[in-house]
Amino acid sequence: MKFLSVFTETHNTFEGQRPYEHTIVLLHRHWFVLAIKLAGYLLIALIPIVVYSGLLNFAGFVYFQGLYLVFTTGFYLIWWYSLFYVITMYLLDTWIITNHRVIDSEQHGFFNRTVAELSLAKIQDVSTRIEGPLATWLKFGYLDVQTAGTSPKFSFKQIPNPLAVKDELMRAHNEYIAEHPEGIEIHEEQGL
Amino acid sequence: MNIVPADILNSIPFFGIAIVFISLVYWIPAFFIVYHLTRFGIGSRPKFIALVFLVGSVILFSLFIIGASQFDLSVLAQQAGDYIKSSL
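Residues numbered from 1 in each chain as written. Chains lettered and ligands numbered in written order. Predicted model: local features only at pLDDT ≥ 70, side-chain atom pairs only at ≥ 80, totals over all residues. Heavy atoms only, no water.

## Some details on the overall build of chain B
Part 1 of the argument: Scanning chain B from terminus to terminus reveals four helices and zero strands.
Part 2 of the argument: In sequence order, the secondary structure elements of chain B are arranged as α-α-α-α. (Helix = DSSP H or I, 4+ residues; strand = E, 2+ residues; numbered from the N terminus.)

## Quick word on the sheet that holds strand β1 (residues 23–27) of chain A
Residues and elements named next belong to chain A.
Part 1 of the argument: The strand order across the open sheet built from four strands is β1-β2-β3-β4, with neighbouring strands paired in antiparallel fashion. Every other strand in the sheet has two partners, leaving β1 and β4 (112–119) as the edge strands with one partner each. Here the strands of the sheet are splayed against their neighbours by 10° on average, with no regard to which way each runs.
Part 2 of the argument: Examined bridge by bridge, β1 and strand β2 (residues 94–98) share four bridges and lie antiparallel to one another. The residue of β2 that forms the bridge with Val25 is Ile97.
Part 3 of the argument: With respect to the sheet, helix α3 (residues 61–92) is in contact with β2 and β3 (101–109), its orientation differing from that of β3 by roughly 160°.
Part 4 of the argument: In the packing of helix α5 (residues 162–179) onto the sheet, the strands contacted are β1, β2, β3 and β4, and the crossing angle to β1 comes to about 150°. (Pairing = 2+ DSSP bridges. Axes fitted to C-alpha atoms, helices over the stretch in contact; angles between N-to-C directions. Contact = heavy atoms within 4.5 Å.)

## Overview of the packing of α3 of chain A against helix α2 (residues 14–40) of chain B
Part 1 of the argument: Packing of α3 of chain A against α2 of chain B leaves a shortest axis separation of 10 Å and a crossing angle of 25°. One element, α3 of chain A, and the other, α2 of chain B, form an angle in the roughly parallel class. Our pair here, α3 of chain A against α2 of chain B, has a crossing hand that is left-handed. Residues Leu77, Trp80, Tyr81, Phe84, Tyr85, Thr88, Leu91 and Leu92 of chain A of α3 of chain A pack against Tyr26, Pro29, Ala30, Ile33, His36, Leu37 and Phe40 of chain B of α2 of chain B.
Part 2 of the argument: Of the residues assigned to the contact of α3 of chain A with α2 of chain B, the class counts are 13 nonpolar, two polar and no charged. (Parallel < 35°, antiparallel > 145°, perpendicular 65-115°, else oblique. Left-handed = near helix turned anticlockwise from the far one by under 90°. Nonpolar A, V, L, I, M, F, W, Y, C, P; charged D, E, K, R; others polar.)

## A closer look at the sheet that holds strand β5 (residues 123–129) of chain A
Either a parallel or an antiparallel arrangement is found when strands of a sheet pair, and the pairing is made through backbone hydrogen bonds.
Residues and elements named next belong to chain A.
Part 1 of the argument: Here three strands make up an open sheet; going across it, the order is β5-β6-β7 and the pairing antiparallel. Two strands bound the open sheet, and with one partner strand each, they are β5 and β7 (154–160). Between one strand axis and the next, the sheet turns through 20° on average, direction left out of account.
Part 2 of the argument: Sheet analysis places β5 next to strand β6 (residues 140–147), joined by six bridges and oriented antiparallel. Counted as the bridge partner of Asp125 is Gln146 from β6.

## Some thoughts on the environment of Tyr52 of chain A
All names here are of chain A.
Part 1 of the argument: Positionally, Tyr52 belongs in helix α2 (residues 47–55).
Part 2 of the argument: Sequence separation between Tyr52 and Leu69 is 17 residues; the distance between their C-alpha atoms is 9.6 Å.
Part 3 of the argument: Sequence-distant contacts of Tyr52, that is, excluding residues within four places in its chain, are made with Phe61, Gln65 and Tyr68.

## Remarks on the interface of chain B and chain A
Part 1 of the argument: Taken together, the 34 residues of chain B in the interface contact 36 residues of chain A.
Part 2 of the argument: Roughly 3100 Å² is buried in total at the junction of chain B and chain A, and carbon and sulfur atoms are behind 80% of that figure.
Part 3 of the argument: At the boundary of chain B with chain A, the tally comes to zero salt bridges.
Part 4 of the argument: Summed over the shared surface of chain B and chain A, the number is three residue pairs in polar contact (both at pLDDT 80 or more). (Buried area = accessible area lost by both parts, 1.4 Å probe. Salt bridge = Lys/Arg side-chain N within 4 Å of Asp/Glu carboxyl O. Polar contact = N/O pair within 3.5 Å; in protein donor to acceptor, adjacent residues only side chain to side chain.)

## Considerations on the pattern of salt bridges
All names here are of chain A.
Part 1 of the argument: All told, the structure shown has eight salt bridges over all chains when counted by the stated rule.
Part 2 of the argument: Between Glu106 and Lys157 there is a salt bridge, and its shortest N-O distance comes to 3.0 Å. With a gap of 51 residues between them, Glu106 in strand β3 and Lys157 in strand β7 connect regions that are remote in the sequence.
Part 3 of the argument: Residue class for Glu106 comes out buried when judged on its relative accessible area of 7%.
Part 4 of the argument: Counted as one network, the salt bridges with shared partners bring together Glu21, Arg101 and Glu117. (Buried < 20%, exposed > 50% of the residue type's maximum accessible area, 1.4 Å probe, protein only.)

As structure tokens, this is what we get:
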């Protein structure tokens, strides 16, 4: 069934992708950032079980078991929604490096999204920050891209292996400069 | 004298209204999750996660509705009253 292919064959294409560019790196925050939150949700999921085992000691609880079951199902419904809200926000915070530009897309809520992009030609300086023992051990951190002029820094937050990403970004930048002398977008001039 | 006659009160489907209200409160935000994952998610993983969320939501919501519909508050009140009387 062709419509099911969306679950297996979708490539790293994104909204607004130009026909002549391809994705080099697609980044989310490090898995550990999500894992910490999921561990918290796992603990919250245990609350109804713990409360149930405590309430079993009360003789009158047998009358309220039906009511407790309804409340527990409602609790898990809200829990399920909250869990996937966190996962959604994690998956929609993305940093994309293509062979033409860098795109920073951050989701702060359902109706609060910031998207910024930067041409590879405008990159002036790239630096990485790895803060703390856990980040050092698991190799995740920040990558800051300084642009020309007074534009604010581009910051890749809590990404895995920022040093390798920095190398990849500099390689893409050098290739772009070699292919596009004087920073002119030749594809758009060609009408592509 | 009652402001609202009892037969009118009895004819109002409170349970149905509550179910519609809870359905809207849950499924509108749930739609936002599915929409955001499928519309803005990059790659196949967000689409798969949207499917998992949808299936889980349908199962949990069905369990919640079945549980709520089988639950009889008047029986609970009767049983609780009996328990309180016996424990006094």
